Amino acid sequence: MQDIKTIEIEENGMRFYQVGKKFLPSVTTILDNTLPPSDHLRNFWMQNGYIGQTVFKRAGEEGTQIHKDIAILEAGEGIVSCFRNSKEKKCLNGFINWHHAVKPELKRSENAVFSKKHKYAGRFDRVYQIGEDSFLIDLKSGSKKDADHYQVAAYWNCIKQDYPNLKTALLYLGTSSKQGYTWTETEPEEDFRVFLTL
């Protein structure tokens with residue numbers, strides 16, 4: 001497999017991956033630029049203007065921190081929770097509750113992948129073995145969106161040959177459920193067909 005380098009273009013928020021001599025847009029860049037924002041997000045931006053953009057950027061930073069903290073937990077290390085805000089703590093507790101309930105075996109994490117045929121790239125969150133099944137899972141700390149399904153399906157398309165009968169799921173963390181998480185299995189073949197139309 002060719003080396004993949006992440007190239008981030010900050011001016012307009014788009015992300016590209018360098019594969020050989022080509023630059024491929026990230027899955028999230030494709031989704032962000034082809035799907036309309038949700039009504040909730042559009043209303044939030046209209047009501048909050050520039051401050052709304054700052055809050056939106058902060059939410060992205062929180063999501064990145066949550067992913068880093070989960071990697072630390074999976075490595076068997078501890079986290080000093082006094083440095084985390086309440087949302088981050090709630091998401092981490094949701095992950096811990098899910099992990100204790102499901103007892104997944106981590107197979108791969110945070111790997112960059114690409115599709116030469118469809119000209120996109122990205123970085124998936126996790127592949128876990130759960131019982132007899134292999135799952136490609138995307139960890140989410142925000143609200144549910146249709147784009148989440150298309151994102152995990154695009155990654156699935158890049159690695160499905162590595163895992164027979166690979167399933168996909170979204171793990172929403174910090175939800176209002178009693179356990180602090182929501183598990184949603186997805187339909188990767190159908191979702192990938194939709195992704196290709198974007």
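Rules used in this analysis
- Residues numbered from 1 in each chain as written.
- Predicted model: local features only at pLDDT ≥ 70, side-chain atom pairs only at ≥ 80, totals over all residues.
- Heavy atoms only, no water.
- Buried < 20%, exposed > 50% of the residue type's maximum accessible area, 1.4 Å probe, protein only.
- Helix = DSSP H or I, 4+ residues; strand = E, 2+ residues; numbered from the N terminus.
- Pairing = 2+ DSSP bridges.
- Contact = heavy atoms within 4.5 Å.
- Salt bridge = Lys/Arg side-chain N within 4 Å of Asp/Glu carboxyl O.

**Quick look at the pairing of strand 5 (residues 120-130)**
Thought 1: By the criterion of burial, strand 5 is predominantly enclosed, with ten of the eleven residues buried.
Thought 2: With nine bridges joining them, strand 4 (residues 105-115) and strand 5 adopt antiparallel strand pairing. Looking at the pairing, arginine 108 lines up with valine 127 of strand 5.
Thought 3: Linkage of strand 4 to strand 5, two consecutive antiparallel strands, is achieved through a turn of four residues, within which lysine 119 is found at a positive phi near 60 degrees.
Thought 4: By the bridge criterion, five bridges tie strand 5 to strand 6 (residues 133-140) in an arrangement that is antiparallel. Across the sheet, the residue bridging to valine 127 is leucine 136, located in strand 6.
Thought 5: Taken together, strand 5 and the strand that follows it, strand 6, pair antiparallel across an intervening segment of two residues, in which glycine 131 is found at a positive phi of about 65 degrees.

**Let's talk about the pairing of strand 2 (residues 14-19)**
Walk down a regular strand and you will see the side chains alternate between the two sheet faces.
Thought 1: Sheet analysis places strand 2 next to strand 3 (residues 22-25), joined by four bridges and oriented antiparallel. In the sheet register, phenylalanine 16 faces strand 3, and the bridge partner there is proline 25.
Thought 2: Connecting strand 2 to the antiparallel partner strand 3 that follows it, the hairpin turn spans two residues, and glycine 20 within it adopts a positive phi of roughly 65 degrees.

**Digging into helix 4 (residues 146-159)**
Think of an α-helix as turning once every 3.6 residues; residues three or four places apart then point the same way.
Thought 1: Along helix 4, twelve of the 14 residues are buried, which leaves the element largely enclosed by surrounding structure.
Thought 2: Listed as buried for helix 4 are Ala147, Asp148, Tyr150, Gln151, Val152, Ala153, Ala154, Tyr155, Trp156, Asn157, Cys158 and Ile159.
Thought 3: Check the buried side of helix 4 and you find it contacts helix 1 (27-34), strand 4, strand 5, strand 6, strand 7 (167-173) and helix 5 (188-197).

**So, the pattern of salt bridges**
Thought 1: One pass over the structure, following the stated rule, counts eleven salt bridges.
Thought 2: Lysine 107 serves as the salt-bridge partner of glutamate 105, at 3.0 Å between the closest nitrogen and oxygen.
Thought 3: For glutamate 105, a relative accessible area of 44% translates into the label partly exposed.
Thought 4: What you see here is one network of salt bridges that share partners, running through Asp138, Lys140, Lys145 and Asp148.

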